[in-house]
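# Reading the structure
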Amino acid sequence: EAGVAQSPRYKIIEKRQSVAFWCNPISGHATLYWYQQILGQGPKLLIQFQNNGVVDDSQLPKDRFSAERLKGVDSTLKIQPAKLEDSAVYLCASSLRGSSHYGYTFGSGTRLTVV
Amino acid sequence: AQTVTQSQPEMSVQEAETVTLSCTYDTSESNYYLFWYKQPPSRQMILVIRQEAYKQQNATENRFSVNFQKAAKSFSLKISDSQLGDTAMYFCAFMKLTGGATNKLIFGTGTLLAVQP
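Now for a description of the structure that goes with this document.

## Thoughts on the interface of chain B and chain A
- The interface of chain B with chain A comprises 20 residues on the first partner and 28 residues on the second.
- Summed over both partners, the interface of chain B with chain A comes to about 1900 Å²; 48% of that surface belongs to carbon and sulfur atoms.
- The tally of links between chain B and chain A comes to zero salt bridges.
- Applying the counting rule to chain B against chain A returns nine residue pairs in polar contact (both at pLDDT 80 or more).

Structure follows, in structure tokens:
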């Protein structure tokens, strides 16, 4: 099966600019996750979708971050305006509904550098 | 809140030898899952092995095995016959078992493993 697709692979922007990341999960995976991985740290969950509904966004900085999952398939994560501390790898992952305890499938991530 | 601690930021092992990566966690839950993920330079997180807390038997996957000590809240990963391709960052992760849809992974800070030829 095709894996989780993410784009772009790299992005460099200036602070206060906006940026968007795209994720296409594995076909049929109802649950989609966005994780933020700051250098030297483990990934941290930003938001979790079940189909097109938000299940958990408790750690999403809602003043600058937003995410959507239209039609329960692709998802977009946006940052506006970006800060220096947003420099990180943004990982998207997906899992079958009710099967997350078997582990997620991750994409290769987008490395964001804010200068 | 659950926490995961990996106390070894970096480790090195000779090819064909055995290495053990340490992980401890803190939780008041009784039902949960533990995972080891590998992250090579390609950045994709790859599932190495998983353990269900209610199972006493340690999980094994080919050259990878775990030592799960529930009372001590310890979950170490043993890699036997290390290969150059095992060079990567390894993350220990915890997932609380819930009846609902929220099943998030909580990760440690990772251990960078270098396999030397």
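## Notes on the layout of surface pockets
- Reported here for the largest pocket is a volume of approximately 390 Å³.
- What lines the largest pocket is a set of 21 residues, and nearest its centre among them are Gln37, Leu39, Val89 and Arg111 of chain A together with Gln39 of chain B.
- Breaking the lining of the largest pocket down by element, the ones donating at least two residues are strand 9 (88-95) and strand 11 (110-114) of chain A together with strand 10 (88-96) of chain B.
- Per-class residue counts for the lining of the largest pocket are eleven nonpolar, eight polar and two charged.

## Quick notes on the environment of Gln44 of chain B
- Turning to its location among the elements, Gln44 of chain B is positioned in the loop between strand 5 (32-39) and strand 6 (46-52).
- Residue contacts for Gln44 of chain B: discarding those within four places in its chain leaves Phe106, Gly107 and Ser108 of chain A together with Lys38 and Gln39 of chain B.

## Observations regarding the pattern of salt bridges
Residues and elements named next belong to chain B.
- Under the counting rule described, the total for this entry stands at six salt bridges over all chains.
- The residue Lys73 makes a salt bridge to Asp26 at a minimum N-O spacing of 3.8 Å. Here Lys73 is found in the loop between strand 8 (64-69) and strand 9 (74-79), whereas its partner Asp26 is found in strand 4 (residues 24-26), with 47 residues between them in sequence.
- Overall, the relative accessible area of 41% leaves Asp26 in the partly exposed class.
- With its nearest N and O atoms 3.2 Å apart, the salt bridge here joins Lys55 to Glu52.
- Glu52 gets classed as buried once you look at its relative accessible area, which sits at 12%.

## Observations regarding the pairing of strand 8 (residues 75-79) of chain A
Residues and elements named next belong to chain A.
- Burial along strand 8 is one-sided: Ser75, Leu77 and Ile79 are buried, and none of Thr76 and Lys78, which face the opposite way, are.
- Pairing geometry for strand 3 (residues 19-24) and strand 8, over five bridges, is antiparallel. For Ala20, the partnering residue across the bridge sits in strand 8 and is Lys78.
- The turn linking strand 7 (residues 65-68) back onto strand 8 is made up of six residues, and Lys71 within it adopts a positive phi angle of 60 degrees.

## Notes on the packing of aromatic side chains
- Under the definition given, this model contains 18 aromatic pairs over all chains.
- Aromatic side chains Phe106 of chain A and Tyr37 of chain B sit 5.5 Å apart centroid to centroid with 85 degrees between the ring planes, which places their arrangement in the edge-to-face category. Of the two residues, Phe106 of chain A is situated in strand 10 (residues 105-106) and Tyr37 of chain B in strand 5; the pairing between them involves two chains.
- Judged by centre distance (6.2 Å) and plane angle (35 degrees), the ring pair of Phe35 of chain B and Tyr37 of chain B falls under tilted.
- Connected via pairs of aromatic rings, a cluster forms that spans Tyr33, Tyr35, Tyr104 and Phe106 of chain A together with Phe35, Tyr37, Phe91 and Phe107 of chain B.
- We note Arg43 of chain B situated over the ring of Tyr10 of chain A; from NZ or CZ to the ring centre the distance is 5.1 Å.

Basis of the calculations
- Residues numbered from 1 in each chain as written.
- Chains lettered and ligands numbered in written order.
- Predicted model: local features only at pLDDT ≥ 70, side-chain atom pairs only at ≥ 80, totals over all residues.
- Heavy atoms only, no water.
- Contact = heavy atoms within 4.5 Å.
- Buried area = accessible area lost by both parts, 1.4 Å probe.
- Salt bridge = Lys/Arg side-chain N within 4 Å of Asp/Glu carboxyl O.
- Polar contact = N/O pair within 3.5 Å; in protein donor to acceptor, adjacent residues only side chain to side chain.
- 1 Å grid on protein atoms, 1.4 Å probe; cavity = no way out; pocket = protein on both sides within 12 Å on 5 of 7 lines; lining within 4 Å.
- Points joined across faces, edges and corners; volume = space filled by probe spheres on them.
- Helix = DSSP H or I, 4+ residues; strand = E, 2+ residues; numbered from the N terminus.
- Nonpolar A, V, L, I, M, F, W, Y, C, P; charged D, E, K, R; others polar.
- Buried < 20%, exposed > 50% of the residue type's maximum accessible area, 1.4 Å probe, protein only.
- Pairing = 2+ DSSP bridges.
- Phe/Tyr/Trp six-rings, centres within 6.5 Å; stacked < 30°, edge-to-face > 60°.
- Lys NZ or Arg CZ within 6 Å of the ring centre and 35° of its normal.

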